[in-house]
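Observations on chain architecture
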Amino acid sequence: MSGSDPELLAMARWHLGPVTPLPRLDLPSHLQVLTTKNGQRYILKHHQAPDRFHAEFRAYSTWVPALKEHAPALIHADPDTLSLLLTAIPGQRATQLPEDSLAERRAHRDAGHVLRLLHQASPGPHTATDVPAYLAERMRWWAARAHLAALITSSDLRLLHSWADEMAAETLETTVCHLDYQPRNWIVRDAGQVGVVDFEHTRLDARIRDFARLEHRYWRRAQHLRTAFFDGYGRPLDSSEHQLLERFRLLEAVTALVRGHEADNAELLAHGRTLIASIHQPPQRTPMPMSATAHGLRESLPRRAVVTGAAGFIGSHLCQALLARGVTVIGVDRRDPSKHLSAAHNLADIRTHPNFVFATGDLRTCAIEPLLLDADVVFHLAGVPGVQPSWGADFDDYVASNISATQRLMHAVTRLRIPRLVVASSSSIYGAPDGDRPSTETDHPRPASPYAVTKLAEEQLCLAHAARSDCDTTVVALRYFTVYGPRQREDMFVQRLLDAASTGLTLQIYGDGKQRRDFTYVDDAINATIAAGTVYLSNSVINVGAGRTISLNDVVERAHRLTGQPINVRSTRARSGDVSVTCADVTSARRLLGWAPTTDLVTGMAAQLDWMASSRSPSPIAAEAV
């Protein structure tokens, strides 16, 4: 598959509209330039290696936004095809500038400024990495490859191993690094500003490494470019950093040798041999201070959140609310908005938000860990909903999606030591009520449907993982009580009721309408969910409801008064799995989350009616489910 593959072009056209591929002989086959009718250009980049795709996806969704206009913007990431759709930066590569020209010097100065922005980007919470030990291991690995290819002598090999031993004991300042920062990845605009591309190597690493390639490939022959670069960067290197940079020529040497040999690149080979020949003794250790940053879950908004089930009713509202609060959101859903109408509809308001990245992925089968990198919190809302279909042939999908997929997710979350996971459970796990009192979290669960059984298993599975002595993740399970509001699923009662009021179609109610429900407005549910992802908590189960119960017949009457329209109702026999009453005791939510519902039923239904009027025609479906 290449950047011009029809499947990739179809994906690009879905996001951009009509586009035309532009032939560019100077670009490799995995890059394709696209242009729209108004002349706007984009880059379609296809990766061959999954690790490179996930690394670049992580960079664009985490650190690259700090560069603002100095880097492409991510339009869409497709894990299935390992492809990224990016805005294009107009201009020419800095390698095309005349040597020793004023334009070259200006490019180095502006590139220094851009790298400073990247180095200042917040690394975010992450799994601790021993960078010196990692670099030492990489040196041994590159040295072994070079020796096997007869590119270095046994004496050189011992020298490189000595460097690795010294490096393993080093103290290095760690920051967000580009790790291929050189003029071929700088795009110079007509006004002289530099944009940076190619973030597939970007990760947390030793800051000094981002200068090594420039030092040993460009600045040795043109020291005025080094001066210009650090003018833009804002401060020069101190003497200890100069010594450390000099020592990194060993790693630069051996990587240049191996890559030049494998690519049959005579220039790169010569560069590596020159560096190897200039080394006569092992480097001396030069300790450097390291700026430590403490990471952990604080009682504040997360910097970066993952939302599974992002294209669903509650999931899309959660993404929208997090984005409005300044949180970077990675939305994951197995429904592709380019193919699934309701997913496209639910995500329409946020798809182009600069802090939102959507990934089409099925948690039953997809690679999960790359989606979770650097997340502060995971909101797990993905799953198969609905009581009635769970009795039939679809039950296997309920088990796979609500239980098996959750097991895979929890394995990844705990392995990456993500501080908090919030899982969407359901009031259906309580089953038939015990008298007239509201359900409390300590009530014995009595699920009355296969769906409810899978939701109980899902929340308990998450809590079981979190209870392990070696687990750093805390879990909060939220038992939602009949959430309604804009974008509600078409099979849910309030949506069917309001459709019937708007169209004159008959509303079907299963049972006599005396069954009672605790209806929770979606904005209230979202506020509780965000609180569950941010406050200090041990592993917890918390009800999320209005704390009030009302019969379906009374809801119909209120909808009639709200709309002024008669509502035709047809009652049929009650269905298996539909309990007579649900009502939440929300004491725990008030105490632990500092949360209380604020939207009454009539106000919530009015908001849902307004949304229906402004967004789409009412549905002809008149089935009821609660």
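These numbers come from a predicted model, not from an experiment. (Residues numbered from 1 in each chain as written. Predicted model: local features only at pLDDT ≥ 70, side-chain atom pairs only at ≥ 80, totals over all residues. Heavy atoms only, no water.)

Let us now look at the packing of helix H18 (residues 552-563) against helix H20 (residues 601-615). At a closest axis distance of 10 Å, the pairing of H18 and H20 adopts a crossing angle of 55°. Taken together, the axes of H18 and H20 lie oblique to each other. Where H18 crosses over H20, the handedness of that crossing is right-handed. Along the contact surface, H18 presents Val555, Arg558, Ala559, Leu562 and Thr563, while H20 presents Leu601, Val602, Met605, Ala606 and Leu609. Its residues assigned to classes, the contact of H18 with H20 shows eight nonpolar, one polar and one charged. (Axes fitted to C-alpha atoms, helices over the stretch in contact; angles between N-to-C directions. Helix = DSSP H or I, 4+ residues; strand = E, 2+ residues; numbered from the N terminus. Parallel < 35°, antiparallel > 145°, perpendicular 65-115°, else oblique. Left-handed = near helix turned anticlockwise from the far one by under 90°. Contact = heavy atoms within 4.5 Å. Nonpolar A, V, L, I, M, F, W, Y, C, P; charged D, E, K, R; others polar.)

Moving on, we get to the sheet that holds strand E16 (residues 474-480). Spatial ordering of the open sheet is given by E13-E12-E11-E14-E15-E16-E21, a layout of seven strands whose pairing is parallel. The outermost strands of the open sheet, each flanked by one partner alone, are strand E13 (356-360) and strand E21 (540-544). Neighbouring strand axes in the sheet, compared pairwise and without regard to direction, differ in orientation by 20° on average. Bridge count for strand E11 (residues 304-308) against strand E14 (residues 377-380) is four bridges, and the pairing is parallel. Bridge pairing in E14 links Val306 to Val378. On the sheet, helix H15 (residues 450-466) packs against E14, strand E15 (420-426), E16 and E21 and is oriented at approximately 160° with respect to E15. (Pairing = 2+ DSSP bridges.)

Where helix H4 (residues 131-148) contacts helix H9 (residues 249-262), the two axes come as close as 9 Å, and the packing angle between them is 40°. As judged from the angle between their axes, H4 and H9 are oblique. Here H4 and H9 pass one another in a crossing that is left-handed. Between H4 and H9, the residues in contact are Leu135, Met139, Trp142, Ala143, Arg145 and Ala146 and Leu250, Leu251, Val254, Thr255, Val258, Arg259 and Glu262, respectively.

Right, let's get into the pattern of salt bridges. For the coordinates displayed, the defined rule picks out 30 salt bridges. With a closest N to O distance of 2.8 Å, Arg226 and Glu215 form a salt bridge. In this pair, Arg226 is assigned in helix H7 (residues 223-233) and Glu215 in helix H6 (residues 209-219), connecting sequence segments eleven residues apart. A salt bridge links Asp362 to Arg334, with the shortest nitrogen-to-oxygen separation between them at 3.8 Å. A residue pair is termed long-range when its members are at least 10 positions apart, and Asp362 in the loop between E13 and helix H13 (369-372) and Arg334 in the loop between strand E12 (328-333) and helix H12 (341-347) qualify at 28 residues. Overall, the relative accessible area of 17% leaves Asp362 in the buried class. A relative accessible area of 37% places Arg334 in the partly exposed class. A network of salt bridges, in which partner residues are shared, links Lys45, Arg52, Glu56, Asp198 and Glu200. (Salt bridge = Lys/Arg side-chain N within 4 Å of Asp/Glu carboxyl O. Buried < 20%, exposed > 50% of the residue type's maximum accessible area, 1.4 Å probe, protein only.)

Further remarks concern the confidence of the model for the chain. When the pLDDT values of the chain are averaged, the result is 87; 93% of them are 70 or greater. Averaged pLDDT values for the elements of the chain fall to 72 in helix H8 (residues 239-247) and rise to 97 in E14. Low pLDDT (under 50) marks residues 617-626, which in the prediction has 35 contacts with non-local residues, meaning those over four places away or in another chain. (pLDDT = per-residue confidence, 0-100.)

Turning our attention to the nonpolar core. By size, the foremost hydrophobic cluster in this structure holds 102 residues, and its most contacted members are Phe211, Phe229 and Leu372. With 69 residues, the next largest nonpolar core counts Leu322, Tyr430, Leu497 and Ile509 among its residues. (Core = buried A, V, L, I, M, F, W, Y, C linked by side-chain atoms within 4.5 Å.)

Next up on the list: unusual backbone geometry. For Leu179, which is not a glycine, the phi torsion comes out positive at approximately 70°. Among the structural elements, Leu179 can be located in the loop between strand E7 (174-177) and strand E8 (186-188). Unusually for a residue other than glycine, Thr482 sits at a positive phi of about 30°. Mapped onto the elements, Thr482 comes out in the loop between E16 and strand E17 (483-484). Relative accessible area serves as the criterion here: at 12%, Thr482 is assigned to the buried category.

Extensive coverage of E15 is indicated by the burial of seven of its seven residues. Of the two faces of E15, both are covered, the one formed by Arg420, Val422, Ala424 and Ser426 as well as the one formed by Leu421, Val423 and Ser425. Following the backbone out of E14, through helix H14 (residues 395-415) and into the adjacent parallel E15, one traces a crossover that is right-handed. Where E15 meets E16, seven bridges bridge the pair, whose relative direction is parallel. Bridging from a neighbouring strand, Ser426 pairs with Tyr480 of E16. In terms of handedness, the path from E15 via H15 over to E16 forms a crossover that is right-handed. (Right-handed = clockwise from strand over helix to strand, strands pointing away.)

Inspection of the entire model under this criterion finds 19 aromatic pairs. A ring pair is formed by Tyr60 and Phe199, whose centres lie 5.4 Å apart and whose planes are at 75°; its orientation type is edge-to-face. Of this pair, Tyr60 sits in helix H2 (residues 50-62) while Phe199 is found in the loop between strand E9 (194-196) and strand E10 (203-206), placing the two residues 139 residues apart along the sequence. Phe199 shares its class with Tyr60; the two are buried. Here the aromatic rings of Phe229 and Phe230 are separated by 5.4 Å at their centres, their planes lie at 75°, and the arrangement is edge-to-face. With relative accessibility at 0%, the residue Phe229 sits in the buried group. Exposure remark for Phe230: the relative accessible area of 7% places this residue in the buried category. Taken together, the ring pairs connect Tyr181, Trp186, Phe211, Trp219, Phe229, Phe230 and Tyr233 into an aromatic cluster. Looking at Arg116, its charged tip hangs above the ring of Tyr233, at a distance of 5.1 Å from the centre. (Phe/Tyr/Trp six-rings, centres within 6.5 Å; stacked < 30°, edge-to-face > 60°. Lys NZ or Arg CZ within 6 Å of the ring centre and 35° of its normal.)

Considering the arrangement of structural elements, one finds His201 in the loop between E9 and E10. Overall, the relative accessible area of 18% leaves His201 in the buried class.

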